[in-house]
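Residue-level listing of the chains:
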Amino acid sequence: MEVSAILAQYRARLDVQARAARLAAGENPCLELMTMLLAAPRELWPALELEERRRELASLFSWGVPNERALEVLAAHAPLVECGAGMGYWSALLRARAVDVAAYDAAPPGAETNAYHAFPRGPWTAIEREDSMHAARRHGDRTLVLCWPPFDDDRASYAVLRAYRGDTLVYIGERGEGATGSVRFHRELALNWSVEEEVRLPNWPRLRDTLAVYRRNAVRRSLRERDRCFECKRYIPTGAIGRCDWCFAQRPAALVLQVGRHRLEYVQEMLDALPPERRQALENSPNRIR
């Protein structure tokens, strides 16, 4: 099938789903659309602009893509409280299966501007407006659900986990220091929580997110690890990438990108070793600050 035909079919189905009022039991349009795109021959993937398609589907549905097994595991740990629910896609699928889930977001899409879900429609189910930390603290009797918390925002993951008074967490995202969850969040999990079950999720290329069920350890250990600038060895904010501000100002890198709260520095030797098209993309990046 030609790229144009695949995209036309995708656009038509996306438009139908975007206008749907709600989700019925057994429906999972995000997974269906993702599967349709990834079923195309690999040599067509660049022309399909899969990264752009991923962001488009994430804006409308969810950054994490559920499958049936993941929904079954969540249902087994109900009642649930999802903090940072975004479009409420996971909660909507669970409610369609009669699962008890309370869903919260500090900026529910539609009613307020939400940078992660800019698609012009409201959530898939009712989302209450409340700060995630407050919601987690109030619902210690429910299993906490965190789906794709941003990697550069402690308040969306670490602070929520510390505010939670319950003993069971379902975390949907990448394990370790990946695309989701802050560094402090992952260190807290490693110190004070244990994985009881893990479910593989449908993944876009280069991503490795899963659904993991954690249980709080009986004895809490303090988080004492500190990060240092690899050049001068001064302390830097936890989870910061690269050098401190002083080293950066004294010896600037050849090219620098600002990604969230982090700086990504490229020395001249790294740039010279890159393929020309990759180097040009970095040089023209809207995130470039030097």
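Below, the structure is looked at part by part. (Residues numbered from 1 in each chain as written. Predicted model: local features only at pLDDT ≥ 70, side-chain atom pairs only at ≥ 80, totals over all residues. Heavy atoms only, no water.)

**Section: helix α5 (residues 68-76)**
Given 3.6 residues per turn, any residue in an α-helix points the same way as the ones three and four places further on. Here is the rule: Exposed residues in this analysis have more than 50% of their type's maximum accessible area, buried residues have under 20%, and partly exposed residues fall in between, with area computed by a 1.4 Å probe over protein chains only. Think of it this way: any DSSP run of H or I at least four residues long counts as a helix, any run of E at least two long counts as a strand, and we number them from the N terminus. By definition, the arc is the one covered by directions from the helix axis to the C-beta atoms. In what follows, residue pairs with any heavy atoms lying within 4.5 Å of each other are defined as contacts.
Taken together, the buried positions of α5 are A70, L71, V73 and L74. The buried side chains of α5 occupy one side of the element, clustering within an arc of 160° when seen end-on. Of the surrounding secondary structure, the elements contacted by the buried residues of α5 are β1 (80-83), α6 (89-96), β4 (143-147), β5 (168-173), β6 (193-200) and β7 (210-216).

**Brief notes about the pairing of strand β11 (residues 262-266)**
Filter applied, for reference: Should DSSP find at least two bridges between two strands, the strands are taken to pair.
Where strand β10 (residues 255-259) meets β11, 5 bridges bridge the pair, whose relative direction is antiparallel. In the sheet register, L255 faces β11, and the bridge partner there is Y266. Here β10 folds back onto β11, and the loop between the two strands holds 2 residues, one of which, G260, carries a positive phi near 65°.

**A short note on the nonpolar core**
Quick reminder of the rule: Only buried residues count toward a nonpolar core. Its members are Ala, Val, Leu, Ile, Met, Phe, Trp, Tyr and Cys residues joined through side-chain atoms within 4.5 Å.
Grouped together as the largest cluster of nonpolar side chains are 47 residues, with contacts concentrated most on L57, F61, W90, I172 and L211. If you look at the next biggest cluster of nonpolar residues, it comprises 22 residues, including A102, A136, L146 and L161.

**Digging into the pattern of salt bridges**
Rules: One speaks of a salt bridge when a side-chain nitrogen belonging to Lys or Arg is within 4 Å of a carboxyl oxygen belonging to Asp or Glu.
Following the criterion strictly, the structure yields 24 salt bridges and no others. A salt bridge links R53 to E49, with the nearest nitrogen and oxygen atoms 3.9 Å apart. R53 sits in the buried class, given a relative accessible area of 5%. Owing to a relative accessible area of 49%, E49 belongs among the partly exposed residues under this scheme. E72 is paired through a salt bridge with R69; the nearest N and O atoms lie 3.4 Å apart. One end of the pair, E72, and the other, R69, are both in helix α5, 3 residues apart, so they sit about a helical turn from each other. You can call E72 partly exposed: its relative accessible area is 41%. Residues joined in a network through salt bridges with shared partners are R11, E49, R53 and E56.

**A short note on the packing of α5 against α6**
Cut-off, in case you're wondering: Note on geometry: axes are lines fitted to C-alpha atoms, helical ones only across the stretch in contact, with angles between N-to-C directions running from 0 to 180 degrees. To sort the angles, those under 35 degrees are grouped as roughly parallel, those over 145 as roughly antiparallel, those from 65 to 115 as roughly perpendicular, and the leftovers as oblique. Amino acids outside the nonpolar list (Ala, Val, Leu, Ile, Met, Phe, Trp, Tyr, Cys, Pro) and the charged list (Asp, Glu, Lys, Arg) are all regarded as polar, and Gly is one of them.
With their axes 11 Å apart at the nearest point, α5 and α6 run at an angle of 75° to one another. For the element pair α5 / α6, the angle class is roughly perpendicular. When α5 is examined against α6, the residues A70, L71, L74 and A75 are found in contact with a partner set consisting of W90, L93 and L94. Among the residues making up the contact of α5 with α6, the classes are represented as 7 nonpolar, no polar and no charged.

**Re unusual backbone geometry**
Here A78 and P79 are connected by a cis peptide whose omega angle stands at 5°. As for its position among the elements, P79 is in the loop between α5 and β1. Of note, E49 is a non-glycine position whose phi angle comes to about 50°, a positive value. Here E49 is to be found in the loop between α3 (45-48) and α4 (50-60). Positive phi, normally seen in glycine, also occurs at A98, with a value near 65°. With respect to the helices, strands and loops of the structure, A98 is situated in the loop between α6 and β2 (101-105). According to the relative accessible area criterion, A98 is exposed, its value standing at 72%.

**Some remarks on the packing of aromatic side chains**
Short version of the rule: Pairing of aromatic rings covers Phe, Tyr and Trp, the last counted by its six-membered ring, and requires centre-to-centre distances within 6.5 Å; plane angles under 30 degrees mean stacked, over 60 mean edge-to-face, and any other angle means tilted.
Evaluated as defined, the whole model comprises 4 aromatic pairs. An angle of 65° between the planes, with centres 5.1 Å apart, marks the rings of Y171 and F185 as edge-to-face. One end of the pair, Y171, is in strand β5; the other, F185, is in helix α9 (residues 183-192), and 14 residues separate them in sequence. In terms of burial, Y171 and F185 fall into one category: buried. One aromatic cluster in this structure is built from F61, Y89 and W124.

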